[in-house]
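Take a look at the letters that make up each chain.
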Amino acid sequence: MAMSFEWPWQYRFPPFFTLQPNVDTRQKQLAAWCSLVLSFCRLHKQSSMTVMEAQESPLFNNVKLQRKLPVESIQIVLEELRKKGNLEWLDKNKSSFLIMWRRPEEWGKLIYQWVSRSGQNNSVFTLYELTSGEDTEGEEFHGLDEATLLRALQALQQEHKAEIITLSDGRGVKFF
Amino acid sequence: MDRFVWTSGLLEINETLVIQQRGVRIYDGEEKIKFDAGTLLLSTHRLIWRDQKNHECCMAIPLSQIVFIEEQAAGIGKSAKIVVHLHPAPPNKEPGPFQSSKNSYIKLSFKEHGQIEPGRVRAVGIVGIERKLEEKRKETDKNISEAFEDLSKLMIKAKEMVELSKSIANKIKEKQGDITEDETIRFKSYLLSMGIANPVTRETYGSGTQYHMQLAKQLAGILQAPLEERGGIMSLTEVYCLVNRARGMELLSPEDLVNACKMLEVLKLPLRLRVFDSGVMVIELQSHKEEEMVASALETVSEKGSLTSEEFAKLVGMSVLLAKERLLLAEKMGHLCRDDSVEGLRFYPNLFMTQS
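Remember, it's a predicted structure, so these values are computed and weren't measured experimentally. Sequence order sets the numbering: in each chain, residues are counted from 1 along the sequence as written. Chain labels run from A onward and ligand labels from 1 onward, assigned in the order the entries are written. Local features in this predicted model are restricted to residues whose pLDDT is 70 or higher, and side-chain atom pairs enter the listing and the counts only when it is 80 or higher, whereas totals over whole chains, interfaces and linings include all residues. Side-chain calculation: all heavy atoms of the structure are included, whereas hydrogens and water are not.

Right, let's get into the overall build of chain B. To qualify as a helix, a DSSP run of H or I must reach at least 4 residues; to qualify as a strand, a run of E must reach at least 2; elements of each kind are numbered from the N terminus. Helix and strand content of chain B: 10 helices and 14 strands. The rule is simple: take the accessible area with a 1.4 Å probe, protein chains only, and divide by the maximum for that residue type; under 20% is buried, over 50% is exposed, in between is partly exposed. A burial count over chain B gives 40% of its 356 residues as buried. We call two residues in contact when some of their heavy atoms are within 4.5 Å. Of the contacts made within chain B by residues no fewer than 6 positions apart, 54% connect residues no fewer than 24 positions apart. The protein chains shown are the only cover counted for residues, whose accessible areas, like all others here, come from Shrake-Rupley with a 1.4 Å probe. For chain B, the exposed surface amounts to about 21400 Å²; the carbon and sulfur share of it is 56%.

Written out as structure tokens, the structure reads:
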């Protein structure tokens, strides 16, 4: 899946692959890493990954530069993403994770906006309809993976703007 | 002497010659007999004696007849001898030079050099080696004693040198008016490279802070010039070596040096002790601003794209230790960032901060 992904300037800067001891410098470095991970996953439509995969992925391993971010530092980047709400561990061992280039709350907002715009409050949708239905083509959330969608709807549920329900052939959601 | 039998002297089958010696005289017990110059041959079977002048005259004793052999040391007017004690002659013995003898032993004396010691043929070699070792040991002892003699002489000379430099230093002190402070310090530093004058010793000032304070003042005077030569900063180990090399005697312990240096700032002397985060200790001139050096370090690194401590040290003409400290300080101040890989530790300008 070799997309024409535009690497940021940091990717070609060797110090990017060494965790910086200076606190202020590190802050900037980690921010750049988080941004890179999210845009990389977005373009490659990768919603989940294992740590092992991550280590060998071109994301953390710049073969041309002969630099790779050590696994301890990768863990630190992932923790930053988790704190920001863009990452969720899928297992206790922290070996695989869900990566959401938009936070669930953000997705929830977009979905709800579309629902309101199209005057479909109080309607019920299946999850499939939302992500793959004709009506949502052209919307950003079209093609969204189920795991992320679910979390987006859970966020709306928290705000009492939606309710996840069980339908005969799967799950669905009712918007208020 | 009646144990001998005449023989042709030819060796029998299986009989081999072990050793032979010329100029051997035989005695019958204590008596000298006519057999005074012959060749003694020791074979695996017999002891043979052949007259040197008359080869026909040849006699032998089977080794089985020999009870035991002993050495008789030489005395005044007497040569060393070998005494051979013999069993009584068997009744059916072949004819020999003597029909009967009252002695049950014979003696052999050696006119020419060397001596046969039957059964201990190799002994001469071992004794020789032992003798050589003894000689060598005595030689070594002698060399060592001589060497220490030279050292004692050197110590006397050194004492004279110290006395001389002390007197010069005192003269400088007295002539304080004619010589400037600057020149005095410079002269003292020249003395320093030869042998320090007035080393501040524990005896003069006692131990403790008084001592360290005096020492600190002395260090300030001594180190000014070397520091200026080295760009205003020196590692404490460099200082230690410099000072002690000059002192020669009355060496400073590391603890005394550190304690004296700790007093530098307190005493408002023109140098100070500085400890970096890494634990490295340096002495810098008060006028030296390491933080300003950082700015120039950044320039140097930027010019070259990136540098290791060694590369930077070489470019700037600093010791690698101090070069590394400067780069680390620059990193701490946010001017540089690091690339740590199998290729080593390199420093880059901190683009994380300067670039978008």
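That shown, we press on.
This part takes up the overall build of chain A. Each helix and strand in chain A was counted, giving six helices and eight strands. Secondary structure of chain A in N-to-C order comes out as α-β-α-β-β-α-β-β-α-β-α-α-β-β. Pairs at least 24 apart in sequence give 52% of the contacts found in chain A among residues at least 6 apart. Approximately 9600 Å² of chain A is accessible, and the part contributed by carbon and sulfur atoms is 48%.

All names here are of chain A. Candidates for patches are residues over 30% relative accessible area with no salt bridge; among them, like charges are joined within 9 Å and nonpolar side chains (Val, Leu, Ile, Met, Phe, Trp, Tyr) within 5 Å. For salt bridges, the criterion is a side-chain nitrogen of Lys or Arg within 4 Å of an Asp or Glu carboxyl oxygen. Within this scheme the basic residues Lys and Arg register as positive and the acidic residues Asp and Glu register as negative, but His and the chain ends are omitted. For the purpose of locating charges, the reference atoms are NZ of Lys, CZ of Arg, CG of Asp and CD of Glu. A cluster of acidic side chains, namely E129, E134, D135 and E137, defines a negative patch on the protein surface. Within the element layout of this structure, D135 appears in the loop between α5 (127-132) and α6 (146-158). We classify D135 as exposed; its relative accessible area is 58%.

Each side of the interface is counted separately: chain A has 16 residues, and chain B has 18 residues. Carbon and sulfur atoms make up 63% of the area that chain A and chain B hide from each other, which totals about 1500 Å². The interface formed by chain A and chain B holds two salt bridges in total. Where R67 of chain A meets E343 of chain B, a salt bridge forms, and the shortest distance between an N and an O atom there is 3.2 Å. Within 3.5 Å is the distance limit for a polar contact, defined as a pair of N or O atoms, with the added protein rule that one can donate a hydrogen and the other accept it, and that residues adjacent in sequence qualify only through two side-chain atoms. Linking chain A with chain B are seven residue pairs in polar contact (both at pLDDT 80 or more), by the criterion used here. If one sorts the elements of the side of chain A that touches chain B by residue count, helix α1 (residues 23-43) of chain A sits on top with four residues. As a working rule, the residues Ala, Val, Leu, Ile, Met, Phe, Trp, Tyr, Cys and Pro are called nonpolar, Asp, Glu, Lys and Arg charged, and the rest polar, with Gly in that last group. The residue inventory of the side of chain A that touches chain B, partitioned by class, reads six nonpolar, seven polar and three charged. Summed over both partners, the accessible area (1.4 Å probe) lost when two parts come together is defined as the buried area.

Turning our attention to the pattern of salt bridges. Enumeration over the complete set of coordinates arrives at 27 salt bridges over all chains. Here R171 of chain A makes a salt bridge to E146 of chain A, at a shortest N to O gap of 3.9 Å. Here the residue R171 of chain A occupies a position in strand β8 (residues 170-175), and E146 of chain A occupies one in helix α6, the gap between them amounting to 25 residues. Overall, R171 of chain A belongs to the partly exposed group, its relative accessible area being 40%. E146 of chain A sits in the partly exposed class, given a relative accessible area of 48%. With its nearest N and O atoms 2.9 Å apart, the salt bridge here joins K332 of chain B to D277 of chain B. Taken together, the residues K332 of chain B in helix α9 (residues 320-332) and D277 of chain B in the loop between β11 (271-275) and β12 (281-285) connect sequence positions 55 residues apart. The structure contains a network of salt bridges with shared partners spanning R272, R274, E284 and E291 of chain B.

The term nonpolar core refers to a set of buried residues drawn from Ala, Val, Leu, Ile, Met, Phe, Trp, Tyr and Cys, joined through side-chain atoms within 4.5 Å. Counting residues in hydrophobic clusters, the biggest one holds 31 residues, and the most contacted among them are W33, V37, F60, L78, L81, F97 and I99 of chain A. Those elements giving two or more residues to this core turn out to be α1, α2 (51-56), α3 (71-84), β4 (87-89) and β5 (96-99) of chain A. Tallying contributions element by element places α1 of chain A first for this core, with nine residues. One finds A220, M263, L264 and L271 of chain B within the second-largest nonpolar core, a separate group that totals 24 residues.

We now examine the packing of aromatic side chains. Note on aromatic pairs: the rings of Phe, Tyr and Trp (six-membered ring only in Trp) are paired at centre separations within 6.5 Å, and the planes decide the class, stacked below 30 degrees, edge-to-face beyond 60, tilted for the rest. Overall, the coordinates contain 20 aromatic pairs over all chains when judged by the stated rule. Ring centres 6.2 Å apart and planes at 45° place the aromatic pair W9 of chain A and F352 of chain B in the tilted group. Within this pair, whereas W9 of chain A is found in the segment before α1, its partner F352 of chain B is found in helix α10 (residues 351-354), the two belonging to separate chains. On the basis of relative accessibility, which here comes to 23%, the residue W9 of chain A falls in the partly exposed class. By relative accessible area, F352 of chain B is classed as buried at 4%. With centroids separated by 5.7 Å and ring planes inclined at 55°, the aromatic side chains of W114 of chain A and F125 of chain A adopt a geometry described as tilted.

This brings us to the environment of F97 of chain A. All names here are of chain A. Within the element layout of this structure, F97 appears in strand β5. Spatially, the C-alpha atom of F97 lies 7.8 Å from that of V51, the residues being 46 residues apart in sequence. Contact partners of F97, with chain neighbours within four places excluded, come to S47, S48, M49, T50, V51, L78, L87, E88, W89 and L90.

Residue and element names in this part refer to chain B. Position of S43 relative to the elements: it lies in strand β4 (residues 38-43). The class for S43 is buried, based on a relative accessible area of 2%. Here the side chain of S43 touches R46 through a polar contact of 2.8 Å, landing on its backbone nitrogen. Apart from residues no more than four positions distant in its own chain, S43 is found in contact with L11, E15, T16, L17, V18 and L63.

The next subject is α3 of chain A. Residues and elements named next belong to chain A. With 14 residues, α3 should cover 20 Å at 1.5 Å per step; its first-to-last C-alpha distance of 20 Å lies within 8% of that length. Where α3 is concerned, the buried positions are S73, I74, V77, L78 and L81. Seen along its axis, α3 keeps its buried residues to an arc of 145°; they face one direction. In this structure, α3 carries E72 and K83 as exposed residues pointing more than 90 degrees from its buried face. Take the residue count of a helix, subtract one, and multiply by 1.5 Å to get its expected span. Arc definition: directions from the helix axis to the C-beta atoms.

A low pLDDT score tells you not to read the predicted coordinates there in detail. All names here are of chain B. Residue-level confidence of the predictor, termed pLDDT, takes values from 0 up to 100. Summary statistics for chain B give a mean pLDDT of 82 and a share of 83% for residues scoring 70 or more. Note on residues 118-123: pLDDT is under 50 here. Beyond four places in sequence and across chains, it has five contacts. Counting interchain partners and residues more than four positions distant, the pLDDT-below-50 stretch residues 196-207 has 32 contacts. The complex model carries a pTM of 0.57, and its ipTM stands at 0.87.

Here the focus is the sheet that holds β8 of chain A. Residues and elements named next belong to chain A. If you trace the three strands from one edge of the open sheet to the other, you get β6-β8-β7, paired in antiparallel fashion. Two strands bound the open sheet, and with one partner strand each, they are β6 (124-126) and β7 (162-167). Averaged over all pairs of adjacent strands, the angle between their axes in this sheet comes to 30°, without regard to strand direction. Strand pairing follows a simple DSSP-based rule, namely that at least 2 bridges must link the two strands. As defined by bridge partners, β6 adjoins β8 across three bridges and the pair is classed as antiparallel. Bridge assignment links T126 to a residue of β8, and that residue is G172. For helices, the fitted line uses only the C-alpha atoms of the stretch in contact; every axis is such a line through C-alpha atoms, and the angle between N-to-C directions lies from 0 to 180 degrees. Across the sheet, α6 lies against β7 and β8, angled at about 130° from β7, the strand it touches most.

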